Structure formats: structure tokens, C-alpha cells
Amino acid sequence: RSKEQGRNSFRFFNKVMKESAKKRMEMEISLRQALENNEFILHYQPKLNIKTSAVYGMEALIRWQPEDSKLIYPGQFIELAEETGLIIPMGEWVLREACKQCKMWHDAGYPLTVSVNLSAQQFQKHDLTELIAKIIVETGLNPDALELELTESTVMKEPKQAAYMLQQLKELGVSISIDDFGTGFSSLSYLNQFPIDTLKIDRSFINDAHENEANQAIAAAIISLAHGLGLGVVAEGVENEEQLRFLKLKQCDAAQGYFVGKPMGEELILDYIKKNTG
Ligand code: C2E
Ligand code: MG
Ligand code: MG
Ligand code: MG
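Residues numbered from 1 in each chain as written. Chains lettered and ligands numbered in written order. Predicted model: local features only at pLDDT ≥ 70, side-chain atom pairs only at ≥ 80, totals over all residues. Heavy atoms only, no water.

(A) Main features of the packing of aromatic side chains. Inspection of every chain in the model, using the stated rule, returns 5 aromatic pairs. Ring geometry for Trp 64 versus Phe 77: centroids 6.0 Å apart, planes at 85°, classification edge-to-face. One end of the pair, Trp 64, is in strand E2 (residues 54-64); the other, Phe 77, is in the loop between E2 and helix H3 (78-84), with 13 residues separating them in the sequence. Through a chain of ring-to-ring contacts, three or more aromatic side chains come together here, namely Phe 40, Trp 64 and Phe 77. A cation over an aromatic ring shows up here: Lys 262 above the ring of Tyr 258, its NZ or CZ 4.8 Å from the ring centre. (Phe/Tyr/Trp six-rings, centres within 6.5 Å; stacked < 30°, edge-to-face > 60°. Helix = DSSP H or I, 4+ residues; strand = E, 2+ residues; numbered from the N terminus. Lys NZ or Arg CZ within 6 Å of the ring centre and 35° of its normal.)

(B) Inspection of the layout of surface pockets at higher detail. There is about 1100 Å³ of room inside the largest pocket. If you trace the largest pocket, you find 40 residues lining it, with Glu 59, Leu 61, Pro 74, Asn 117 and Asp 179 closest to the centre. Secondary structure elements with two or more residues in the lining of the largest pocket: strand E1 (40-49), E2, H3, helix H4 (87-107), helix H5 (120-124), strand E4 (146-151), helix H7 (152-156) and strand E5 (175-181). Here the lining of the largest pocket gets 5 residues from one element, more than from any other, and that element is E2. Class assignment of the residues belonging to the lining of the largest pocket gives a composition of 14 nonpolar, 13 polar and 13 charged. (1 Å grid on protein atoms, 1.4 Å probe; cavity = no way out; pocket = protein on both sides within 12 Å on 5 of 7 lines; lining within 4 Å. Points joined across faces, edges and corners; volume = space filled by probe spheres on them. Nonpolar A, V, L, I, M, F, W, Y, C, P; charged D, E, K, R; others polar.)

(C) Just the nonpolar core, in detail. One finds Leu 31, Trp 105 and Leu 146 to be the most contacted residues of the largest nonpolar core, which totals 77 residues. At 8 residues, H4 tops the list of elements feeding residues into this core. Leave out the neighbours within four places in its chain, and Trp 105 touches Tyr 44, Met 58, Tyr 110, Leu 112, Val 114, Ile 269, Leu 270 and Ile 273. (Core = buried A, V, L, I, M, F, W, Y, C linked by side-chain atoms within 4.5 Å. Buried < 20%, exposed > 50% of the residue type's maximum accessible area, 1.4 Å probe, protein only. Contact = heavy atoms within 4.5 Å.)

(D) The arrangement of the sheet that holds E4 in detail. If you walk around this closed barrel you meet the 8 strands as E1-E2-E3-E4-E5-E6-E7-E8, and the pairing is mixed. In this sheet, strand E7 (residues 232-235) lies alongside strand E6 (residues 198-201) in parallel orientation, the contact comprising 4 bridges. Residue pairing for E7: Ile 201 is matched across the bridge by Ala 235. Contacting E1, E2, strand E3 (113-117) and E4, H4 runs over the sheet at an angle of about 55° to E1. (Pairing = 2+ DSSP bridges. Axes fitted to C-alpha atoms, helices over the stretch in contact; angles between N-to-C directions.)

(E) Fine view of the coordination of the magnesium ion (ligand 2). Protein coordination at the magnesium ion (ligand 2) comes from Glu 59 (OE), Asn 117 (OD1), Glu 149 (OE) and Asp 179 (OD), with a distance range of 2.0 to 2.2 Å. For the magnesium ion (ligand 2), all donor residues lie on one chain, and their spacing in sequence is E-x57-N-x31-E-x29-D. Here the magnesium ion (ligand 3) and the magnesium ion (ligand 2) are spaced 4.0 Å from one another, each receiving a donor from Asp 179. Residue Asn 117 is located in strand E3, and its partner Glu 149 is located in strand E4; the two are separated by 32 residues in the primary sequence. Overall, the relative accessible area of 1% leaves Glu 149 in the buried class. (Donors = N, O, S within 2.8 Å, 3.2 Å for Na, K, Ca; no water.)

(F) Up close: the pairing of E2. Among the 11 residues that make up E2, 9 are buried, leaving the element largely enclosed by the rest of the structure. Where E1 meets E2, 10 bridges bridge the pair, whose relative direction is antiparallel. The residue of E2 that forms the bridge with Phe 40 is Trp 64. The turn joining E1 and E2, which pair antiparallel and follow one another in sequence, is formed by 4 residues; a positive phi near 60° is taken by Ser 53. Of the strand pairs in this sheet, E2 and E3 are connected by 4 bridges, and their pairing is parallel.

(G) How the structure looks around the site of ligand 1. Of all residues adjacent to ligand 1, which total 23 residues, the nearest are Arg 63, Asn 117, Arg 203, Glu 239 and Tyr 258. Contact distances for ligand 1 include 3.4 Å between an oxygen atom and a side-chain N or O atom of Glu 236. The backbone of Tyr 258 places a nitrogen or oxygen atom 2.9 Å from an oxygen atom of ligand 1. Alone, ligand 1 offers 800 Å² of accessible surface; in the complex the protein occludes 83% of this. If you map ligand 1 onto the pockets, it falls in the largest pocket. Listing elements by their share of the shell around ligand 1, those giving two or more residues are E2, H4 and E5. The dominant element in the shell around ligand 1, judged by the number of residues it contributes, is E2, at 4 residues. (Near = heavy atom within 4 Å. Polar contact = N/O pair within 3.5 Å; in protein donor to acceptor, adjacent residues only side chain to side chain. Areas by Shrake-Rupley, 256 points an atom, 1.4 Å probe, with all protein chains shown as cover. Sits in = over half its atoms within 2 Å of the grid points.)

In C-alpha cells:
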């Protein structure tokens, strides 16, 4: 691959912002090429157990690293990947890569969990359970260590199918977390109908919780809702000590955010793990 190609894929990416069909098609082509050329990488963001102060898991977050250009964040390509169906092979790569990485941590003596974000399209494919089962066998990862993060809207698109799918996934031994909780429009009744393990409070309720009483009330209510239902609860977007102190006071189980650790590449995260766990 030439440097020229790398620059081209970045140029394509910028043009897409203009939304014309042609530009979208070019973007689709460069995304497809990026997948073939292994230009995607995973960063990992730590999750902290607030009570024990132990780092217990990592969330895998995809990034696109075109040759010779800046790192591109998922906000700029996930939607198109979903619309074009590319999210299916991309998501499979993420699952396999994250499971492989987590198995390496285990082999190195760090029994961490790994969380993978699933898009609605992936969740609606009937063979998702088989795929995950296959990846678990292939990588040798203990299924206990794998957590799937789904948003409310993903789960509520086809509630009947979702219930069946979640049941199958639970039988594999993986856990289920509801991402960005509190931002959706669905009723709460699904919470006790689906086999869910954890709620992740959306960061919009956390970021300014220390100065916004309404958000404080919402975060506290989600924590007690989760506990009342026997679920775990993780706060995302924790950026300072004050927010962490608030969450501890409200007995939130876990925290994630820049204050705990930013998403990091393979090498930095291993240093982080060596310093912060074990
Ligand atoms: P998410 O799963 O809710 O991930 C949290 C996002 O918040 C991440 O952005 C993370 O970098 C950012 N973040 C974490 N802590 C803080 C903080 O303290 N402050 C602020 N301001 N932000 C924080 P990122 O990596 O850009 O990912 C954005 C979204 O893209 C994710 O939201 C997830 O929905 C999606 N995504 C990421 N990776 C994948 C993937 O492999 N597959 C799928 N389907 N979606 C993914
Ligand atoms: Mg997530
Ligand atoms: Mg989230
Ligand atoms: Mg979010």
C-alpha cells in the first residue's frame, strides 16, 4: 500500500460530510478497503469498581487509523457502516479482536472482563449467538469475561426477538449491559422481562452531576432502580474526583471516564493494567 492510498482514504472521508450519494459511495469504498487493509484498531477504556477501587474490566472502542493520517473516531463512521451493512464484518472483527486481547490479559495473569458494543444490525442477525460461540471457542476466552453493550433502542426494536436473542446469549455465559441508559424513549417494563445484568448511566447525567441537581437526581434514581432490580450499575463519563465521590456516596458499583482512564491502545493499556490491577 502506498502513502498516496492512505491520503486518499482520508480525503474520501472528509468529502462524505457533504452527504451526496456519490460521496457516500466513495466513503463506503474506503471503509471497505480499510477493513481489508486492517486499518481498524481497538482502544480500551478501564472500568473501576468503586467500592474496592479495583479496575476489573475494559471496554473495547473502535478507531480507524488510515495510513499517514489522523485517527478517526467511531462517531464519524459507525453510522455509515450500519447503513451499508459493513458493520457486520467490522463488528465480527471487533468481537474476535477484543476476545483475543482479553484472553492475552488472562494468560498474563490479569482476569479482566472485556465489553464490546453491538449495533442494532448485529443484534438482529439470527446467527449472532453462533458467531459469538465460535469466537469464544476459537480464542479460548472464558465467556464470563465477555460483556455485550447494547442500547435500549437496539433492544426495543424487536422486543420479542430481542428477548429470545438475549436468552440465547445468556446461555452462552456472556453478560448483557444496557449502554447510554436514560437517553432512550422506551418504557421501563423491559428491564424485568429481559435477562440484563448491568445498566450504564449515560454520561450526560454524570458530566455535570456535581453542579446540576436534576441530573444528580436522575443518576441517583438510576442507581437505585438498578439495585432494586438486582442489576449492577456503571456510570460513564466520570471526569473528576467530585463526580466519583458523588457516585460512591450513592453506592454506584462502577465508574468509567477520563478520570479513571482514557481509552488507550494495546501497549498503553497493558502498562495501565500492570500499574492498576493484580
Ligand atoms: P459508548 O459505547 O457509549 O462509549 C463511550 C464513549 O464516550 C467513547 O467514545 C469514549 O471514548 C467516550 N468517553 C469515555 N469517557 C469519557 C469522559 O469521561 N468524557 C467524555 N466526554 N467522553 C468519554 P468513542 O470511543 O468515540 O465511541 C463513541 C460511540 O461509538 C460509543 O459510545 C459506541 O456507541 C460506538 N462504538 C465504539 N466502538 C464501537 C464498536 O466496536 N462497535 C459499535 N457497534 N459501536 C462502537
Ligand atoms: Mg459502550
Ligand atoms: Mg455509553
Ligand atoms: Mg454514549
